[in-house]
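# Understanding the architecture of this molecule
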Amino acid sequence: MNKYPKVIDELINNLKKLPGIGEKTAIRLVFYLLNSNNNYVNSLANSILNLKKKIKLCKICFNFSENDICEICADPKRDKSVICVVENINDMFNIERTGEYKGVYHILHGVFSPINGITFENMKFRELIDRIRNDKTIKEIIIATNPTVEGNATAAYLKNEIEKLKKKIKNFKDCVWYSCWCRTWIYR
């Protein structure tokens, strides 16, 4: 016999699937929601439903957006000749929080990790290569993958693929933004 009614057990099990939520935290959250007013619970439920209904990937950089083009890509003040390539959307937000970067992004949605079943086909890698190939205004590509084995392998492979596009390397430099290492190639 379950120690809680089926509805409570189901919610506990669903909450435990969230990152960082164990059984004790899930139970605490369920009882918090049971003791909350209906307006709050309905608002929370609608927010979760709207997350999946209204959020999509930007057609240019693959950031989350409510529109086809995200706010960063649509911003006329952004330098579209500079692309910062990041592993995931959290990395982009970390760079944005610094207030230093004024270019645009490309989010790969992962790093090369065959041991975890992640290959370049599972990421937005081909879309980046197509973007670089087709947009003649791009002058600088900042590869801001994390300094892990997977991040370094992704950066090295990406650099080799970009060089195949017959882009000439003018300069190479390392820079640090927030907590990720960046490798910058400036193209002519």
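Residues numbered from 1 in each chain as written. Predicted model: local features only at pLDDT ≥ 70, side-chain atom pairs only at ≥ 80, totals over all residues. Heavy atoms only, no water.

## Quick word on the confidence of the model for the chain
Note the threshold: A residue's pLDDT is the confidence the predictor assigns to it, expressed on a 0 to 100 scale. Put simply, DSSP H or I for four residues or longer makes a helix, DSSP E for two residues or longer makes a strand, and each gets a number counted from the N terminus. When checking whether two residues touch, look at their non-hydrogen atoms; a contact exists if any pair is within 4.5 Å.
For the chain, per-residue confidence averages 85 on the pLDDT scale, and 87% of positions sit at 70 or higher. Per-residue pLDDT, averaged within each element of the chain, yields its smallest value for strand β6 (residues 169–177) (45) and its largest for helix α4 (residues 71–74) (97). Predicted confidence for residues 168–173 stays below pLDDT 50, and this span has 20 contacts to residues more than four positions away or in other chains.

## What to know about the side chain of N63
When you line up the elements, N63 lands in the loop between β1 (56–57) and β2 (64–65). Contact partners of N63, with chain neighbours within four places excluded, come to K56, L57, C58, C70, I72, I89, M92, F93 and I107.

## What to know about the pairing of strand β5 (residues 140–143)
Worth spelling out the cut-off: Any residue under 20% of the maximum accessible area for its type is buried, any over 50% is exposed, and the rest in between are partly exposed; the area is computed with a 1.4 Å probe on protein chains only. DSSP bridges decide pairing: two strands pair if at least two such bridges lie between them.
Burial of β5 is two-sided: the residues E140 and I142 facing one way and the residues I141 and I143 facing the other way are all buried. Strand direction decides the pairing type here: strand β3 (residues 79–86) and β5, joined by four bridges, are parallel. Counted as the bridge partner of V82 is E140 from β5.

## Regarding the pattern of salt bridges
It is possible for side chains bearing opposite charge to pair when their charged atoms get close. Using the following cut-off: Between Lys or Arg on one side and Asp or Glu on the other, a salt bridge is scored when a side-chain nitrogen of the former is within 4 Å of a carboxyl oxygen of the latter.
On inspection of all chains with the given rule, the structure shows eight salt bridges. Across the salt bridge formed by D68 and K59, the nearest N and O atoms sit 3.9 Å from each other. Taking relative accessible area as the criterion, D68 reaches 37% and is therefore assigned partly exposed. With a closest N to O distance of 2.9 Å, E161 and K164 form a salt bridge. Its relative accessible area of 11% is what places E161 among the buried residues. Salt bridges here are not isolated pairs; linked through shared partners, they connect K56, K59 and D68.

## Observations concerning the state of the cysteines
Keep this limit in mind: Criterion for a disulfide: a pair of cysteine sulfur atoms within 2.5 Å.
The final tally for this structure, using the stated rule, is zero disulfides. This cysteine, C58, is not joined by any disulfide, and C61 carries the nearest cysteine sulfur, 3.9 Å off. Residue C58 is classed as buried on the basis of its relative accessible area, which comes to 0%.

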